[in-house]
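Analysis of the macromolecular model
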Amino acid sequence: MLSVENLVKTYRTGDKALNAVSFTAPKGQVVGLIGPSGAGKSTLIRCVNRLVEPTSGKVRLGDLDVTALPRGALRRARRRIGMIFQEYALIERLTVMENVLSGRLGYTSFWRSWLRRFPPADIENAFRLLDRVGLTEHADKRADALSGGQRQRVGIARALAQEPELLLVDEPTASLDPKTSRQIMRLIVEICDERGLPAIINIHDVALAQQFVARIIGLRAGAVVFDGPPDALDAAALTRIYGEEDWTAMRKAAEADREAERDEAERLAGLA
Amino acid sequence: MVKDPRWRWALAVGAAVYLALALGTLDVNWARVADGLERGARFIGGFLAPDFTTRWRDISQGLTESLTMTVTSTVAGVLISIPIGVGAARNLAPPAVYYVCRAIIALSRSLQEIIVAILLVAMFGFGPFAGFLTLTFATIGFLSKLLAEDIETIDEAQAEAIRATGASWLQLVTWGVMPQVMPRLVGLSLYRVDINFRESAVIGIVGAGGIGATLNTAIDRYEYDSAGAILLIIIGIVMAAEYASSHIRRWVQ
């Protein structure tokens, strides 16, 4: 379980990125974090594992107060928090397998990681994860030889290799086409379901968020302005988050999208 | 640029007059030039008819010394450059370490090889050991600086992803940074091999051993045919190093 209490981040330039953000994500809940660019979505998830140091407030992971940890303990806490990135952030020149195993670095001594001598259990687990995300036959390829969707799957496997208790997902679909975006979102949500993992997903595509997540938090100028189930996100709520705009058109497009997908699923079911 | 044609003419004439006066101050000793031309002709003659055999023992000894100096100084230089380069990268090192490493680089780069060689020959005596130290010192300035700059322009997202896994600082460097800078580090090290070989010929002239010392002796003895042979060998080796390094670089990509 993750709980964030009164989190504030003020950058050195004086910009207030987060203004007293509070919420709790229980076990297994996938939270979609939406909001305009610059609303502080990225800052918020990076404050959770302190890649960005929060100015004040608390982040708790279970009983652990992450914001109070000294460096060594922070490293151990980061092992419990998997992270998935917008541009995949894979080590491009290493193989898919090495990228997945890099999720084990926090558990492995420097010399073992330098010599690539990971424990056999880690390697077996890495193969299982590659199988889960559908990349078994690509294990020995270099990461830069894969397509965008495949790279993001490697990113997911790397995060899972950490055996995390929480997933932080930063715009997982921003550089993917609509179909691949849906596949990736579905995979992330399924995996969170299987493992009872809570996740926070930054996402700018509102329709995609509504389709997949169980709860949506709307952020505007560093403050929470909406927190509720996807169905409650109506035109008034969207206006509160993003400002005035004609939201009905987007609605319709999203519905058409979902219908097309349902038809596709039925067609495939018919074929099988 | 200058609109008025009178001004343009005045400037052109002024420049011509200055040039004529400046040339007039040169004190050319034409008899000496004639002498020198004859000597130059002998030098070129020697170059055209190189003599590899008469002084072969000296040449091969000088070559071995130079090649040994080149390889050892490049290896030592690269090994020392890596930690200094990492320390001089703003995105990896704390400010105190950063300034110390930048100072080392600045010191190494501000002193020309020949000056360092003269100093080290005075300290350690004639011979290849002074040459080895000179080239190592020069390699550190060159390689650390370029490595640090390469580290500062890496894709930070990859490093961030490694940090997010709970990796230690050393793991961050070896997993998040090293794979990104490795091809360039290999390329620069190979480039440094042929710079060091050429420099070993130059610093030999001030007493730091190697093929440069042999070349200097040959010229002092007016043995231009042997000197020509030595120059041809240097050109050949630099060319071979060039081809080899471009092949290796392509392979590392």
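None of the values given here were measured: they were computed from a predicted structure. Numbers given to residues run from 1 along each chain, matching the order in which its sequence is written. Chain A is the first chain written and ligand 1 is the first ligand written, with later ones labelled in order. Local features in this predicted model are restricted to residues whose pLDDT is 70 or higher, and side-chain atom pairs enter the listing and the counts only when it is 80 or higher, whereas totals over whole chains, interfaces and linings include all residues.

Bringing the interface of chain A and chain B into the picture now. Contact with chain A, which involves 21 residues of that partner, is made by 17 residues of chain B. The numbering of helices and of strands both runs from the N terminus, where a helix is a DSSP run of H or I of at least 4 residues and a strand a run of E of at least 2. Those elements that provide at least two residues to the side of chain A that touches chain B are α2 (71-79) and α4 (110-114) of chain A. If one sorts the elements of the side of chain A that touches chain B by residue count, α2(A) sits on top with four residues. The residue makeup of the side of chain A that touches chain B, split by class, is nine nonpolar, six polar and six charged. Residues are defined as contacting one another if the C-beta atoms placed from their backbone atoms lie within 7 Å. Gly is put with the polar residues, along with every residue not named as nonpolar or charged; the nonpolar set is Ala, Val, Leu, Ile, Met, Phe, Trp, Tyr, Cys and Pro, and the charged set is Asp, Glu, Lys and Arg.

Let's shift gears to the UniProt feature "domain: ABC transporter" (unreviewed entry) in chain A. On the UniProt side, "domain: ABC transporter" (unreviewed entry) is annotated at positions that read residues 2-246 of chain A here. Annotated as residues 2-246 of chain A, this span is 36% helix and 23% strand, and its ends, taken at the C-alpha atoms, are 35 Å apart. UniProt positions are given in the numbering used here, feature names are shortened, and annotations may be inferred rather than shown by experiment.

This next bit is on the sheet that holds strand β3 (residues 30-34) of chain A. Residue and element names in this part refer to chain A. Spatially, β6-β7-β8-β3-β9-β10 is the arrangement adopted by the six strands of the open sheet, whose pairing is mixed. Where the open sheet ends on each side, the last strands, each with one partner, are β6 (81-84) and β10 (223-228). For this sheet, the mean angle separating the axes of adjacent strands, direction not counted, is 20°. In this sheet, strand β9 (residues 215-220) lies alongside β3 in parallel orientation, the contact comprising four bridges. Two strands pair if DSSP finds at least two bridges between them. Note on definitions: angles span 0 to 180 degrees between N-to-C directions of axes, and those axes are lines fitted to C-alpha atoms, for helices only across the stretch in contact.

Between helix α3 (residues 56-87) of chain B and helix α9 (residues 211-220) of chain B, whose axes approach to 7 Å, the crossing angle comes to 150°. From α3(B), Asp58(B), Ile59(B), Gly62(B), Leu63(B) and Ser66(B) reach across to α9(B), where they touch Ile211(B), Ala213(B) and Thr214(B).

With that settled, consider the UniProt feature "domain: ABC transmembrane type-1" (unreviewed entry) in chain B. Cross-referencing UniProt, the feature "domain: ABC transmembrane type-1" (unreviewed entry) maps to residues 63-243 of chain B in the present numbering. Secondary structure over residues 63-243 of chain B splits into 85% helix and 0% strand, and the C-alpha atoms at its two ends are 19 Å apart.

Attention now goes to the environment of Arg195(A). Residues and elements named next belong to chain A. Note on placement: Arg-195 falls in helix α7 (residues 178-195). Among the residues examined, Arg-195 registers 16 C-beta atoms within 10 Å and is labelled partly exposed. Sequence spacing of Arg-195 and Val-66 is 129 residues, and the spatial spacing of their C-alpha atoms is 22 Å. Neighbour counting defines burial: a residue surrounded by 20 or more other C-beta atoms within 10 Å of its own C-beta is buried, one with 12 or fewer is exposed, and intermediate counts give partly exposed, using backbone-placed C-beta atoms.

What follows deals with the UniProt feature "transmembrane region" (unreviewed entry) in chain B. All names here are of chain B. Those places that UniProt annotates as "transmembrane region" (unreviewed entry) correspond, in this numbering, to residues 7-26, 71-93, 114-143 and 226-244. With 74% helix and 0% strand, the stretch residues 71-93 has end C-alpha atoms that lie 30 Å from each other. Helix makes up 90% of residues 114-143 and strand 0%. Its end C-alpha atoms lie 18 Å apart.

We now examine the pairing of β3(A). Residue and element names in this part refer to chain A. Among the five residues that make up β3, five are buried, leaving the element largely enclosed by the rest of the structure. By the bridge criterion, four bridges tie β3 to strand β8 (residues 199-202) in an arrangement that is parallel. Paired with Leu-33 across the strands is Asn-202, a residue of β8.

So, about helix α2 (residues 30-48) of chain B. Residue count minus one, scaled by 1.5 Å, sets the expected span of a helix. Spanning 19 residues, α2(B) covers 26 Å between terminal C-alpha atoms, matching the ideal 27 Å at 1.5 Å per step. Across the 19 residues of α2(B), one count as buried, placing the element largely on the outside.

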